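In case you want the letters, here they are:
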Protein chains: 2
Amino acid sequence: MKYRVYVFFKNGILDPEAEAIKKTLHTSGFKKIKSLKKGKFFDIDTSGKNSKDEISSLSEKILSNPIIENFEIKKIDN
Amino acid sequence: MKYRVYVFFKNGILDPEAEAIKKTLHTSGFKKIKSLKKGKFFDIDTSGKNSKDEISSLSEKILSNPIIENFEIKKIDN
């Protein structure tokens, strides 16, 4: 079973890196960009049963910082 | 128009951070994890027409390092 876990800042958490990238886009001529958010993803292949629960647990405990980040899990079909 | 750009290492590029996370998962009891890959994503909102071309251009020039990374662009509907 393959899953993709998305990890991204909660609303209201400042992201200076994303702001810097957005500024660079504007100064590089990409002036129509209205907003840019940044996150991480992890593609995980597991042999476990009940693997959705396992992925949820490891996402909360290890892949994300629950104080400032949320995560979303999607199953990958192939 | 909203797009999500995925940036990830090309095949064959070593990713010690992903390896370290995988080891941590194993030592933390998540022993059924067979593989873990890591990447970044960017959610971009643009007001431009022909915006797919623009997003492709900025992904290659600014968001990714084409020597070691690939990118994929997906349109987000909402």
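Before reading further, recall that the structure is shown in the block above.
Residues numbered from 1 in each chain as written. Chains lettered and ligands numbered in written order. Predicted model: local features only at pLDDT ≥ 70, side-chain atom pairs only at ≥ 80, totals over all residues. Heavy atoms only, no water.

Engineer: Before we move on, could you go through the relation of the copies chain A and chain B and cite the residues and values that matter?
Structural biologist: If you rotate chain A by 180° and push it 0.0 Å along the axis, it lands on chain B with an RMSD of 0.0 Å. Such a turn and shift between the copies fits a two-fold axis. When each C-alpha of chain A is compared by its distance to the rotation axis, Lys40 of chain A comes out closest, at 2.2 Å. Most of the interface of chain A is mirrored in chain B, where 100% of its interface residues are also at the interface. (Least-squares fit on C-alpha atoms with pLDDT ≥ 70 in both. Contact = heavy atoms within 4.5 Å.)

Engineer: Account for helix 2 (residues 51–63) of chain B, with residues named and values stated.
Structural biologist: Residue and element names in this part refer to chain B. For helix 2, spanning 13 residues, the distance from its first C-alpha to its last is only 16 Å, which falls clearly below the expected 18 Å at 1.5 Å a residue. Of all the residues in helix 2, the buried ones are Ser51, Glu54, Ile55, Leu58, Ser59 and Leu63. For helix 2, the angular spread of buried residues about the axis comes to 135°, placing them on one side. Across helix 2 from its buried face, at more than 90 degrees, point the exposed residues Asp53 and Lys61. (Helix = DSSP H or I, 4+ residues; strand = E, 2+ residues; numbered from the N terminus. Expected span 1.5 Å × (residues − 1). Buried < 20%, exposed > 50% of the residue type's maximum accessible area, 1.4 Å probe, protein only. Arc of directions from axis to C-beta.)

Engineer: Account for the pattern of salt bridges, with residues named and values stated.
Structural biologist: All names here are of chain A. Here the structure, examined in full by the defined rule, presents eight salt bridges over all chains. Across the pair Lys38 and Glu17 runs a salt bridge whose closest N-O atoms are separated by 3.7 Å. Here the residue Lys38 occupies a position in strand 2 (residues 33–46), and Glu17 occupies one in helix 1 (residues 16–27), the gap between them amounting to 21 residues. Sharing partners across several salt bridges, the network here consists of Asp15, Glu17 and Lys38. (Salt bridge = Lys/Arg side-chain N within 4 Å of Asp/Glu carboxyl O.)

Engineer: Go over the interface of chain A and chain B, please, and point to the residues and values.
Structural biologist: It is common to report an interface's size as the accessible area lost on association of the parts. With 32 residues of chain A in contact, the opposing surface of chain B contributes 32 residues. For the interface between chain A and chain B, the tally reads zero salt bridges. Across the contact surface, chain A and chain B share 13 residue pairs in polar contact (both at pLDDT 80 or more). Residue assignment for the side of chain A that touches chain B shows that the elements contributing at least two residues are strand 1 (2–9), helix 1, strand 2 and helix 2 (51–63) of chain A. (Polar contact = N/O pair within 3.5 Å; in protein donor to acceptor, adjacent residues only side chain to side chain.)

Engineer: Could you give me a rundown of the sheet that holds strand 1 (residues 2–9) of chain B, with the residues and numbers involved?
Structural biologist: In spatial order, the strands read 3(A)-1(A)-2(A)-2(B)-1(B)-3(B); together these six strands make up an open sheet with antiparallel pairing. The strands lining the two open edges of the sheet, one partner per strand, are strand 3 (69–76) of chain A together with strand 3 (69–76) of chain B. Neighbour-to-neighbour, the strand axes of this sheet turn through a mean angle of 25°, independent of strand direction. In terms of strand pairing, strand 1 of chain B meets strand 2 (residues 33–46) of chain B through seven bridges, oriented antiparallel. Directly across from Arg4 of chain B, in strand 2 of chain B, lies its bridge partner Asp43 of chain B. Strands in contact with helix 1 of chain A are strand 2 of chain A together with strand 2 of chain B; relative to strand 2 of chain A, the strand with the most contacts, it is inclined by about 125°. (Pairing = 2+ DSSP bridges. Axes fitted to C-alpha atoms, helices over the stretch in contact; angles between N-to-C directions.)

Engineer: Provide a residue-level description of the pairing of strand 1 of chain B, including the pertinent values.
Structural biologist: Relative to strand 3 of chain B, strand 1 of chain B is paired through eight bridges, and the arrangement is antiparallel. Bridging across to strand 3 of chain B, Val5 of chain B finds its partner in Ile73 of chain B.

Distances and angles like these do not, on their own, reveal function.
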